[in-house]
Amino acid sequence: MSRHFPAKTIIAIAFSDGTVGEYTGRRMNEIYDEALASFRLGNNLDAKGFDRNHPKIHRRNAVDIVPVQAGMEP
């Protein structure tokens, strides 16, 4: 997921246990933002995704998969 969804869009996710969850675009955007912040924190990146201590600065944020699970609050 590399972009935000429109806030009122309904997104249905089919989980491997057979359940289906429906979430708004706003909720998925919040989950994405949390995953991106966690990724940056875990990789010692600043708020914009830059490694200020590394001599070669990468401008790409490598979050393409956002963790979701059955029973997640809508």
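Shown above is the structure to which this text applies.
Described below are features of the structure shown in this document. Each chain carries its own residue numbering, running from 1 in the direction its sequence is written. pLDDT decides what is reported in this predicted model: residues at 70 or higher carry local features, side-chain atom pairs at 80 or more are listed and counted, and totals for whole chains, interfaces and linings draw on all residues regardless. As a rule here, side-chain values cover all heavy atoms of the structure and leave hydrogens and water aside.

1. Section: the overall build of the protein
For clarity, the threshold we go by: The way it works is that DSSP assigns letters per residue, a run of H or I at least four long becomes a helix, a run of E at least two long becomes a strand, and they are numbered from the N terminus. Remark: exposure states derive from per-residue accessible area (1.4 Å probe, protein chains only) relative to the maximum for the residue type, with buried under 20%, exposed over 50%, and partly exposed in between. Contact between two residues is taken to exist if any of their heavy atoms lie within 4.5 Å; hydrogens are not considered. Values of accessible area rely on a 1.4 Å probe in the Shrake-Rupley scheme; residue burial ignores everything except the protein chains shown.
Along its length, the protein carries one helix and two strands. The secondary structure elements of the protein, listed N-terminal to C-terminal, are β-β-α. Within the span of the protein, comprising 74 residues, buried residues form 26% of the whole. Long-range contacts, defined here as pairs at least 24 residues apart, represent 43% of the contacts in the protein between residues at least 6 apart. Only carbon and sulfur atoms are counted for the fraction: they give 52% of the accessible area of the protein, which is about 5,700 Å².

2. So, the pattern of salt bridges
We count it as follows: Any Lys or Arg side-chain nitrogen found within 4 Å of a carboxyl oxygen on Asp or Glu counts as a salt bridge.
Under the definition given, this model contains one salt bridge. In this structure, Glu-30 and Arg-27 form a salt bridge, with 3.4 Å as the shortest nitrogen-oxygen distance. Here the residue Glu-30 and the residue Arg-27 both occupy positions in helix α1 (residues 25-42), the gap between them amounting to three residues, near one helical turn. By relative accessible area, Glu-30 is classed as partly exposed at 38%.

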